[in-house]
Structures are given as C-alpha cells and as structure tokens.
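Each chain is listed here by its residues.
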Number of protein chains: 2
Amino acid sequence: MQLLKERILKDGTVKPGNILKVDSFLNHQMDIPFINEIGKEFKRRFAGSPITKILTIEASGIGIACIVAQYFGVPVVFAKKAQSLNLDGEMYTTKVQSFTHKKVYDVILSKKFLQPEDHVLIIDDFLANGCALQGLIEIVDTAGATLEGAGIVIEKGFQHGGDALREKGIRVESLAIVDSMSDDSLTFRA
Amino acid sequence: MQLLKERILKDGTVKPGNILKVDSFLNHQMDIPFINEIGKEFKRRFAGSPITKILTIEASGIGIACIVAQYFGVPVVFAKKAQSLNLDGEMYTTKVQSFTHKKVYDVILSKKFLQPEDHVLIIDDFLANGCALQGLIEIVDTAGATLEGAGIVIEKGFQHGGDALREKGIRVESLAIVDSMSDDSLTFRA
C-alpha cells in the first residue's frame, strides 16, 4: 500500500532493538482518516472472503480493527491479555510470548463470541515473529471457526513470522513489509 | 440515550461485585454500527466544543474512541497502562487505582501528542469511581491543554465518580447512568 509506505518513511522512526515507531499515526496517536484508507485496502484484498467476524488482540489492534470492520459490516471481537475479573463463563485461552515486553502472557476470548460457523479475519497493527498472531489462530482453530486470513498493517519481514505462516498455507496480507531497517534506511519488500 | 438503555436492558447482565457485563456489544465483542450511533450522540452533545483531540485509555476505550473520532474529524490518542519498551522520550505519567483489577497501574502518554493548544474530549466505555478519568484529566491539566469534557458510554451513578467530577465543574456526559442494579432490576437516572 503506497500511501502507508510513504507515511512510514515520512513519520516512522527506527529505534534500537528493531523497533519501528509509528506512534504518531498508528498505535499511540491514531490518524483516523488514514486508518480508514487502511480499512478500504483490507476490504479490497479480502473482498471475496465471506467474513463474519474480525478478531484482534488488545490493545493497539482494537482501534484499527473497529475502523476496518466498518468496511466489512461485521462485529469486532478482541482477545484480552491476562485474566480479568470481568470475564467469566467459558473462555478460550492460549499463551503468547511477547518479545517487545519480554514476558509470556495469557490471551483469553469468551467462547460465546467465536462460533464454528464464523469466518474470521484477524487484524493487527504489527507482525514480527508472529507469536501473537499464532495465538489468535490457535483460538480460531479451537473454536472450529474458519480462518479467512490475517490483515496486518506493518510486517517486519526480517523477523520471518509472516513467511512461516504463509508456508503453512495461511493467507497473510500485510500492507507494508519491511525487509530491512537501520537508523538511516528502510527497505520495503517489493 | 434511549437506544443504549434498551440495549443494556436487553443484552447486559449484572454480576456479583457491581459488575455490569455488556461484553456482547461494547467491550469484548463490539457492535460497530451501534457504536457509530454512540459517536453521533457524543457529536450532538459536544457540537459546540472546539475539540482538537480525543483522549482515551487502553484497552476497551480505544475502539469506541476511534469510531467517535470520525464524527469530530480529529485524531485519537490513547494513554497506555504500564511501561512499554516502545515508548520513549518525554511522557506524562500518572497512577490509577483499578478496583476491577485490584491494583494500581501507571498510565503514560507521550508528551508530543498533547499540546497546550489542544481542546480535549475524553472518551471511555465506563465511569464508576472515576479513578481512570481523574488520571486522564490530570494528564490534560499537566499538558496545559483545555479539557472540553468527558463522554462516557455507561456511568455507574451509584459509585459517584461522575457526580464528584461534575461538582468540580467538569462536563461529564454519560449516555446511560445506572443508579441502581441487582440480579433482576436495573434503574437508569432520568
């Protein structure tokens, strides 16, 4: 997505530890008209898929998923990190390793919001090693729902989580794939 | 907001510990067309306010804030809970007591996303004792920005956080105020 690549080059900054900061428009401050363009692009790419639900994970995926969902006309359901007193009843749970935060956390989703008849599009802001995405896919599988694919805003191609999932036959659509980055350069996959 | 009150009566459930679960449409699964109606109502109530930014706090406020922001044509910025490796530079920080999760957590916001010239509308899904909202207000004050008010989807009137803030002169617009609730009844403030 050309608009996104231009925005990353204009407003993104590379920090030590392979961190690409896009917090001025995507995941701290959020440029809503821009995220609407992202929603249109995901709809274009998944136009042929019979999606009934968008699944994401808190926190930074939620706002993007809500804007994207407007183009699909379906509800959003977001998986929560760690146990919450407000969640009861039967839940899907899985564990996810976060390299960014250097810890393992529980991911939970109420069973009533994901059914075998659902066709799921997973939406998230970043894909790096793929741990969070794998956790969500595991939940979709456990629910017996159909995974239509994953729509990722920015994939860190050099961390290979996306390629590993594609090799398993999972449709991963990333709007920008960064294949290398350093203080003064950033290369997108063609 | 009549539509919201009807939805709470239809789909909300009361759980022990003064918990009102609205997770089928507001803060776990999200009914996006319904949340668009919430956005229109906040815009109607704050139509005369020169809002430049919508502020919320992760996680469940983010999606609502993004949908609401479409009606104001302004960016969303969300405060984060606890320290994140992806946040650097100067930050506003405050501490918030969560009664739901029975702990105190740090709330942080990058200084570059809230400026003295900003006119801020705070958006959140719930207001009970008002601790989270007070933390956000403190950040707005520290930034030297102008607080135009708070737009809350559901206020637990019997926990009095909203009334305390109104007494201080803060404009708190709650779309539904629950004044009492039990297993088999729920009373809204007129």
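Let me sum up the structure you'll find in this document. This one's a predicted model, so the numbers in the text were calculated from it and none came from an experiment.

## Points about the pairing of strand β4 (residues 53-57) of chain B
Residue and element names in this part refer to chain B. In terms of burial, β4 is a largely internal element, five of the five residues being buried. Both faces of β4 are covered, namely the face carrying Lys-53, Leu-55 and Ile-57 and the face carrying Ile-54 and Thr-56. Judged from the three bridges that link them, β4 and strand β8 (residues 119-127) form a sheet pairing that is parallel. Bridge assignment links Leu-55 to a residue of β8, and that residue is Ile-122. Strand direction decides the pairing type here: β4 and strand β5 (residues 76-81), joined by four bridges, are parallel. In the strand pairing of β5, Ile-54 is matched with Val-76. Taking the sense of rotation as the criterion, the β-α-β connection linking β4, helix α3 (residues 60-72) and β5 turns out right-handed.

## Re the interface of chain A and chain B
Contacts between the two partners involve 41 residues from chain A and, on the opposite side, 41 residues from chain B. On the surface where chain A and chain B come into contact, there are two salt bridges. The residue Asp-23 of chain B makes a salt bridge to Lys-112 of chain A at a minimum N-O spacing of 3.7 Å. Summed over the shared surface of chain A and chain B, the result is 13 residue pairs in polar contact (both at pLDDT 80 or more). Elements with a contribution of two residues or more to the side of chain A that touches chain B: β2 (19-21), β3 (29-30), α2 (32-45), α3 (60-72), β5 (76-81) and β7 (103-110) of chain A. Of the residues contributing to the side of chain A that touches chain B, the split by class is 18 nonpolar, 14 polar and nine charged. Pairing geometry for β3 of chain A and β5 of chain B, over two bridges, is antiparallel. Of the residues in β5 of chain B, the one forming a bridge with Gln-29 of chain A is Val-77 of chain B.

## Looking at the packing of aromatic side chains
All names here are of chain A. Across all of its chains, the model carries two aromatic pairs over all chains by this definition. Seen from their ring centres, Phe-25 and Phe-34 are 5.4 Å apart, and the 90° between their planes marks the pair as edge-to-face. Phe-34 carries the same exposure label as Phe-25, and that label is buried. The ring of Phe-46 carries the charged tip of Arg-171 above its face, separated from the ring centre by 4.3 Å.

## Focus: the environment of Phe-188 of chain B
Along the chain, the position of Phe-188 of chain B falls in strand β11 (residues 185-188). Leave out the neighbours within four places in its chain, and Phe-188 of chain B touches Lys-5, Ile-8, Leu-9, Ala-176, Ile-177, Val-178 and Asp-179 of chain B.

## Observations regarding the pairing of strand β11 (residues 185-188) of chain A
All names here are of chain A. Side-chain alternation along β11 places Leu-186 and Phe-188 on a buried face and Ser-185 and Thr-187 on a face that remains uncovered. Across four bridges, the pairing between strand β10 (residues 172-182) and β11 is antiparallel. By the bridge assignment, Val-178 is partnered in β11 with Phe-188. Where β10 hands over to β11, the hairpin turn is made up of two residues, counted between the paired strands.

## Focus on the pattern of salt bridges
Evaluated as defined, the whole model comprises 34 salt bridges over all chains. Here Arg-45 of chain A ties to Glu-41 of chain A by a salt bridge, and the two come within 2.8 Å at their closest N and O atoms. A residue pair is termed a helical-turn pair when its members lie 3 or 4 positions apart in one helix, as Arg-45 of chain A and Glu-41 of chain A do in helix α2 at four residues. As a salt-bridge pair, Glu-155 of chain B and Arg-166 of chain B come within 2.6 Å of each other at their nearest N and O atoms. One end of the pair, Glu-155 of chain B, is in strand β9 (residues 146-156); the other, Arg-166 of chain B, is in helix α5 (residues 161-167), and 11 residues separate them in sequence. Note on Arg-166 of chain B: relative accessible area 27%, which makes it partly exposed.

## Description of the relation of the copies chain A and chain B
When chain A is fitted onto chain B, the two copies agree to an RMSD of 0.0 Å after a turn of 180° and an axial shift of 0.0 Å. The operation mapping one copy onto its partner corresponds to a two-fold rotation axis. Of the C-alpha atoms belonging to chain A, the one lying closest to the rotation axis is found on Gly-63 of chain A, 2.1 Å away. Most of the interface of chain A is mirrored in chain B, where 100% of its interface residues again form contacts.

Calculation criteria
Residues numbered from 1 in each chain as written. Chains lettered and ligands numbered in written order. Predicted model: local features only at pLDDT ≥ 70, side-chain atom pairs only at ≥ 80, totals over all residues. Heavy atoms only, no water. Buried < 20%, exposed > 50% of the residue type's maximum accessible area, 1.4 Å probe, protein only. Helix = DSSP H or I, 4+ residues; strand = E, 2+ residues; numbered from the N terminus. Pairing = 2+ DSSP bridges. Right-handed = clockwise from strand over helix to strand, strands pointing away. Contact = heavy atoms within 4.5 Å. Salt bridge = Lys/Arg side-chain N within 4 Å of Asp/Glu carboxyl O. Polar contact = N/O pair within 3.5 Å; in protein donor to acceptor, adjacent residues only side chain to side chain. Nonpolar A, V, L, I, M, F, W, Y, C, P; charged D, E, K, R; others polar. Phe/Tyr/Trp six-rings, centres within 6.5 Å; stacked < 30°, edge-to-face > 60°. Lys NZ or Arg CZ within 6 Å of the ring centre and 35° of its normal. Least-squares fit on C-alpha atoms with pLDDT ≥ 70 in both.

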